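Examination of the molecular architecture
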Amino acid sequence: MKALIVDDEMHVRETVRYFIPWENYGIKDVYEAGNGKEAIEIIQSERPVLIFTDMVMPLMDGSQLLKWIQENSPRSKTIVISGYQDFNYVKPAIMYGGTDYLLKPLNSKQLVAAAERALNMWRQEEEEWIRSLDQEIQLNVLRPVYWDKLLTDFVSGAIPYPKLNPQRLEEELGIRRSTEQVRVAVLSLDPVNRRFLNRLHDDRELASYVTVNVCNEVLAQGGCGHAFRYLNSGADVVLLFYGTDQLVHERLRQINEAMQRTYQVQFDIGWGSAHAFPEEIQFSFEESKEALRRRNLLHRDQRIHEFRPRRGEDEIQSPFIPYMEKFKFYVMSGIHEKIKEAVHEWYLHIRGMQVITAEQLESWHEEFADEVLRWQKELFSERLPSELPLMRLELPYDEAGNFSMEYWRDQIENALFGISSEFVGSKKLDSQLVKDIKQYIHTNYHQEITLQHIADRFFISRENVSRKFKQVSSENLSDYLSNLRIDKAKQLLKNSDLRLSQISTMVGFQDEKYFSRVFKKVTGMTPRAYRKSD
């Protein structure tokens, strides 16, 4: 068994790792992740049974991770470790099946007790799951689900071949025990063909079910393989082949022809090289998924993608990198026409590309979204992450599920327009805020005024008072207040016979000596010298 600790603070991860006697519970491998995205990669590859997670983390927070775990690794047990008692943080733990919610700072008794409860629950459920799999399934309607689950775990490496009951596997699915080699192919419904899904009333499960049926009708013609629904993320349908490469390619072509005749849709299918059966089936499965990820989206007529070893020249720099600074500059300028010109220049660049793989597109798209989020945090730094303007960026596939450069261009352009408009509007609000602060100072300069007074008056932090005032007026707030008070003092010195102590109090200085020092610093002469001057 394996465990995973997810927290952006290293000392918290070290505390959990130190306090729990892992080997006592049969856990030999303990992994660590600094955020939700890193955690997902580890969960997909290592399948930990026990997961500790923080709630507030960069890139992907605890609530998003808990939701993902419930959907993609529901048998894992999760324990939340958090520095917040707020119900908004507790609620996701309850909704998405967390077994405990521990508050920082952590102590050993709490951690050990929580780990024991979670592992006991996991063992009970695991034993029940094994018992249920061992039972004879009599109803035909349940048999495909039974095999889908077993075969999903088999090709993923979660269970060994003997667990499948090889004799029944041969009797019911035709997967012969004498098979020496196997080739695996994967078919994904993503990107979704909307026309196909609409015909099935947007029922994704039904879509995978009918696709598997079509695949098995084709494969039954030569008895060369079996298709099943893949129940984890990363694919929808997996096909096992026992024939030659030529036969595999021909059957995959026939499957797409059948789907086209029946549902007017074709799918991209990746397939791996031949590997020893059953011990190396996972290798072919991983190759088939990689073949699908590395398909060239610019070749719409090519639907069947054979695995090829990765080459150095396959690594291409993101097409966004040379343009991001220009995008940011025009976003801040608020000139939509300039944004449009910059995006068009980027669009001409990608139009000249010969290869854009699905893997590259997803990576570039994610990098762009992350960079724009960084801009947002920089440009709207006083806002909480939950208050940032939403930027919805879906992968640029059209209704037929094909990659569309035009849709990509329009999406990027509209996203930049939205952020620019938000930023310009924010700057206008900042200008009005500084104007109101100045009016407040002019009205109350004779009283004690501190940054905290102004922050409380206008419901923003002291830091933002100083920053916004300097950005808009190009002058420090303290200098502005001092200059205003000295100007008022000058008028009183020249136009009245009031004593210096009276004047200093009237312009907001409680100490006459301090008033004199400030006055001399600003004007270059003492108040008395100024009064006597022409």
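A brief report on the enclosed structure follows.

Digging into unusual backbone geometry
- That bond from K104 to P105 is cis: its omega, 0 degrees, falls within 30 degrees of zero.
- Checked against the element boundaries, P105 lands in the loop between strand 5 (98-103) and helix 5 (108-134).
- F277 connects to P278 through a cis peptide bond whose omega is 5 degrees.
- One can find P278 in the loop between strand 10 (275-276) and helix 11 (281-293).
- A positive phi angle, close to 65 degrees, is found at N165, a residue other than glycine.
- In this fold, N165 is placed in the loop between helix 6 (143-155) and helix 7 (166-173).
- Taking relative accessible area as the criterion, N165 reaches 33% and is therefore assigned partly exposed.
- Look at H201: it is not a glycine, yet its phi comes out positive at around 60 degrees.
- Among the structural elements, H201 can be located in the loop between helix 8 (194-199) and helix 9 (204-220).

Section: the nonpolar core
- F327, W346 and W408 are the most contacted members of the largest nonpolar core, which totals 33 residues.
- Put simply, the parts of the chain that give this core at least two residues each are helix 12 (324-333), helix 13 (336-351), helix 14 (358-379) and helix 15 (405-444).
- Looking at which element gives the most residues to this core, the answer is helix 15, with eight residues.
- What W346 contacts, discounting residues up to four positions off in sequence, is P319, F320, Y323, F327, W408, R409 and I412.
- Counting residues in hydrophobic clusters, the runner-up holds 30 residues, among them A185, L197, F241 and L252.

Thoughts on the pattern of salt bridges
- For the structure shown, the criterion picks out 38 salt bridges.
- Here R17 makes a salt bridge to E32, at a shortest N to O gap of 2.8 Å. Remark: E32 occurs in strand 2 (residues 29-33) and R17 occurs in helix 1 (residues 10-19); sequence separation between them is 15 residues.
- Since its relative accessible area comes to 35%, R17 is described here as partly exposed.
- Residues joined in a network through salt bridges with shared partners are E290, R293, R294, R310 and E359.

So, the packing of helix 9 against helix 10 (residues 245-263)
- Here helix 9 crosses helix 10 at 130 degrees, and the two axes come no closer than 9 Å. Relative to helix 10, the element helix 9 lies oblique. Of the two possible hands of crossing, helix 9 and helix 10 adopt the one that is right-handed. Side by side, helix 9 and helix 10 meet where V210, T211, V214, C215, V218 and L219 of the first sit next to R251, Q254, I255, A258, M259 and Y263 of the second.
- Its residues placed into classes, the contact of helix 9 with helix 10 shows nine nonpolar, two polar and one charged.

Quick look at the packing of aromatic side chains
- Counted according to the given criterion, the structure contains 21 aromatic pairs.
- Centre to centre, the rings of Y146 and W147 are 5.2 Å apart; their planes meet at 70 degrees, and the pair counts as edge-to-face.
- A relative accessible area of 8% places Y146 in the buried class.
- What links up through ring pairs into an aromatic cluster is the set F320, W346, F368, F403 and W408.
- One Lys or Arg, R409, reaches over the ring of Y347 and ends 4.7 Å from the middle of that ring.
- Positioned above the aromatic ring of F509 is the side chain of R485, whose terminal nitrogen or guanidinium carbon lies 5.6 Å from the ring centre.

Quick notes on helix 18 (residues 477-495)
- Over its 19 residues, helix 18 extends 27 Å from the first C-alpha to the last, a length consistent with the 27 Å expected when each residue adds 1.5 Å.
- Among the residues making up helix 18, those that are buried are L477, Y480, L481, L484, R485, I486, A489 and L493.

A closer look at helix 13
- For helix 13, with 16 residues, the first-to-last C-alpha span of 22 Å sits near the 22 Å given by 1.5 Å per residue.
- Looking at helix 13, one finds that the buried residues are I339, A342, V343, W346, Y347 and I350. Buried residues of helix 13, seen end-on, are gathered within an arc of 145 degrees and therefore sit on one face of the element. Of the exposed residues in helix 13, the ones pointing more than 90 degrees away from its buried face are E337 and L348.

Reading guide: rules and limits
Residues numbered from 1 in each chain as written. Predicted model: local features only at pLDDT ≥ 70, side-chain atom pairs only at ≥ 80, totals over all residues. Heavy atoms only, no water. Helix = DSSP H or I, 4+ residues; strand = E, 2+ residues; numbered from the N terminus. Buried < 20%, exposed > 50% of the residue type's maximum accessible area, 1.4 Å probe, protein only. Core = buried A, V, L, I, M, F, W, Y, C linked by side-chain atoms within 4.5 Å. Contact = heavy atoms within 4.5 Å. Salt bridge = Lys/Arg side-chain N within 4 Å of Asp/Glu carboxyl O. Axes fitted to C-alpha atoms, helices over the stretch in contact; angles between N-to-C directions. Parallel < 35°, antiparallel > 145°, perpendicular 65-115°, else oblique. Left-handed = near helix turned anticlockwise from the far one by under 90°. Nonpolar A, V, L, I, M, F, W, Y, C, P; charged D, E, K, R; others polar. Phe/Tyr/Trp six-rings, centres within 6.5 Å; stacked < 30°, edge-to-face > 60°. Lys NZ or Arg CZ within 6 Å of the ring centre and 35° of its normal. Expected span 1.5 Å × (residues − 1). Arc of directions from axis to C-beta.

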